[in-house]
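Fold and geometry: a report
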Amino acid sequence: MIESKYIYDLSESQMRSMNTMSYPDALLFQLEAAKKLNERLLHVNHLERDFHRINKVHKAIKHNTGKLNEIGYFDKQQSSYTGAVKIHPNQSSIDDFLKA
């Protein structure tokens, strides 16, 4: 539990609550916790930052994102979104699309 407190800044009860979540929800919970902690760690004076902890948090973010990609979570989310604007391959940005 010490490692999870260090990486995610979650209490034991918060970590135990993940036992009732689905696997993707638990990964998202950890991902969001790591991102929030990362923001807090980066808002410290550069000379006082805990770079070892920041590196561990970045690895956790990468790991959880990778696990979500493995199970196709992000693909499912994008395919369920019907309001996506399709851009022609020759157009470089949404701004070019809107100007056309």
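Residues numbered from 1 in each chain as written. Predicted model: local features only at pLDDT ≥ 70, side-chain atom pairs only at ≥ 80, totals over all residues. Heavy atoms only, no water.

Our next topic: the packing of helix H3 (residues 23–42) against helix H4 (residues 51–70). Remark: H3 packs on H4, axes separated minimally by 9 Å, with the N-to-C direction vectors making an angle of 155 degrees. Between H3 and H4, the crossing angle belongs to the class labelled roughly antiparallel. Crossing hand, H3 versus H4: left-handed. Every residue of H4 that contacts H3 at Tyr23, Pro24, Leu27, Leu28, Gln30, Leu31, Ala34, Lys35, Leu37, Asn38, Leu41 and Leu42 is listed here: Arg53, Ile54, Val57, His58, Ile61, Asn64, Thr65, Lys67 and Leu68. Broken down by class, the residue content of the contact of H3 with H4 amounts to 13 nonpolar, five polar and three charged. (Axes fitted to C-alpha atoms, helices over the stretch in contact; angles between N-to-C directions. Helix = DSSP H or I, 4+ residues; strand = E, 2+ residues; numbered from the N terminus. Parallel < 35°, antiparallel > 145°, perpendicular 65-115°, else oblique. Left-handed = near helix turned anticlockwise from the far one by under 90°. Contact = heavy atoms within 4.5 Å. Nonpolar A, V, L, I, M, F, W, Y, C, P; charged D, E, K, R; others polar.)

For the rest of this paragraph, the subject is the environment of Phe74. Inspection of the secondary structure assignment puts Phe74 in helix H5 (residues 73–80). Ignoring any residue separated from it by four or fewer positions in sequence, one finds Phe74 in contact with Thr65, Leu68 and Asn69.

Take the nonpolar core next. By size, the foremost hydrophobic cluster in this structure holds 18 residues, and its most contacted members are Tyr8, Leu10, Ala34, Leu41, Val57, Ile61 and Leu68. Looking at this core, the element that brings in the most residues is H3, giving seven residues. When sequence neighbours within four positions are dropped, the list of residues in contact with Leu41 reads Arg49, Arg53, Ile54 and Val57. (Core = buried A, V, L, I, M, F, W, Y, C linked by side-chain atoms within 4.5 Å. Buried < 20%, exposed > 50% of the residue type's maximum accessible area, 1.4 Å probe, protein only.)

Per-residue confidence for the protein chain gives a mean pLDDT of 81, with 74% of residues at or over 70. Counted against residues more than four places away or in other chains, residues 81–88, with its pLDDT under 50, gives six contacts. (pLDDT = per-residue confidence, 0-100.)

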